[in-house]
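# Overview (structure and organization)
For reference, the chains in residue letters:
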Amino acid sequence: MIETLRGLSLLDVTLPVVLALLAFGILLAVVRLLRGPTLPDRVVAIDLIATQAVAMLASSAIAFNEPALLQPALVLTLIAFVGTVAFARYVAKRASS
Amino acid sequence: MTELITVVLLFVGTLFTLLAAIGILRMPDVFMRMQVATKAATLGVACVALAAATHFGDLATIARSLLIVLFLYLTAPVAAHTIGRAAYVAGAKLWEGTIIDELRGRHRKGPQPPSSLATNDTTAAEDRQSRTDRGEQRQVDLS
């Protein structure tokens, strides 16, 4: 344990900052999701939000000392991939018809 | 020591993920947004997953973290490629400063060439060929 001010460990100090920064990042991606301007932009934004959610789950696993949270992170990685590819196929198909 | 490694990995991962979010907001066209979101966020999440692995340190968690990293590195490039291609086929706008568009003319509904590319009517491959024939260096002006 690396002690910092008031007996908090270094990890205790870092984790709130990390979670706040990740949440702010998701907020920025949501802004892009709402602004568009085209469908591919929104698909990219959704993909990024899913990736950031995986990061959030992994850091929450550390924050709450709960390793089980890594399992949803693993599932989310795969689901995000399937979703992105499905959306991309839809965009391409809509363009060619 | 473990704690220090965890903290450093967490922080680096968070910064990269945040960088991806800033990039997706600030980049001028779909292709750059796709690029920045994929590369920076993938590295960021990999760092955070490895931080979880070093923090818990038991076999089950390390295995899961490595699986997350593995799947992420397998799927992210494929997903990015598919979106990029779909966007191009759907005629997404290119940034005005775009220097080269090697797919130009290959797709019926491809994007309108931006003003930086519209000056001459050669395709990118012909253009490059003629430039190498003349021994010219490509001047890149990103201003």
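Going by the structure above, here's the rest.
A brief report on the enclosed structure follows. Values in this document were obtained by computation on a predicted structure and should not be read as measured data.

### Concerning the overall build of chain B
Counting its secondary structure elements, chain B contains 4 helices and 0 strands. When its helices and strands are written in sequence order, chain B yields α-α-α-α. Counting the 143 residues in chain B, one finds 39% classified as buried.

### So, the packing of helix α2 (residues 39-63) of chain A against helix α3 (residues 70-96) of chain A
Relative placement of two packed helices is described by the angle separating their axes and the distance separating the axes. All names here are of chain A. Two numbers describe how α2 lies on α3: the axes approach to 9 Å, and their chain directions differ by 175°. The orientation of α2 with respect to α3, classified from their angle, is roughly antiparallel. Between α2, through Leu39, Pro40, Val43, Asp47, Ala50, Thr51, Ala53, Val54, Leu57, Ala58 and Ala61, and α3, the contact on the second element is made entirely by Leu70, Pro72, Ala73, Leu76, Thr77, Ala80, Thr84, Phe87, Ala88 and Val91. Of the residues belonging to the contact of α2 with α3, the class tally is 17 nonpolar, 3 polar and 1 charged.

### Examining unusual backbone geometry
Residues and elements named next belong to chain A. Even without a glycine there, the phi angle at Asn65 is positive, about 55°. Looking at the secondary structure, you find Asn65 in the loop between α2 and α3. On the basis of neighbour count, Asn65 is assigned to the exposed category, with 9 C-beta atoms found within 10 Å.

### Points about α2 of chain A
Residue and element names in this part refer to chain A. In this model α2 runs 35 Å from its N-terminal to its C-terminal C-alpha over 25 residues, within 8% of the 36 Å that 1.5 Å per residue would give. Among the 25 residues that make up α2, 18 are buried, leaving the element largely enclosed by the rest of the structure. Backbone geometry just downstream of α2 places Asn65 in the positive-phi region, at approximately 55°.

### A word on the interface of chain B and chain A
Taken together, the contact pairs 47 residues of chain B with 46 residues of chain A. Only α1 (2-26), α2 (30-56) and α3 (59-89) of chain B provide two or more residues apiece to the side of chain B that touches chain A. Across the side of chain B that touches chain A, the residue classes tally to 31 nonpolar, 11 polar and 5 charged.

Scoring rules and cut-offs
Residues numbered from 1 in each chain as written. Chains lettered and ligands numbered in written order. Predicted model: local features only at pLDDT ≥ 70, side-chain atom pairs only at ≥ 80, totals over all residues. Helix = DSSP H or I, 4+ residues; strand = E, 2+ residues; numbered from the N terminus. Buried ≥ 20, exposed ≤ 12 C-beta atoms within 10 Å, placed from the backbone. Axes fitted to C-alpha atoms, helices over the stretch in contact; angles between N-to-C directions. Parallel < 35°, antiparallel > 145°, perpendicular 65-115°, else oblique. Contact = placed C-beta atoms within 7 Å. Nonpolar A, V, L, I, M, F, W, Y, C, P; charged D, E, K, R; others polar. Expected span 1.5 Å × (residues − 1).

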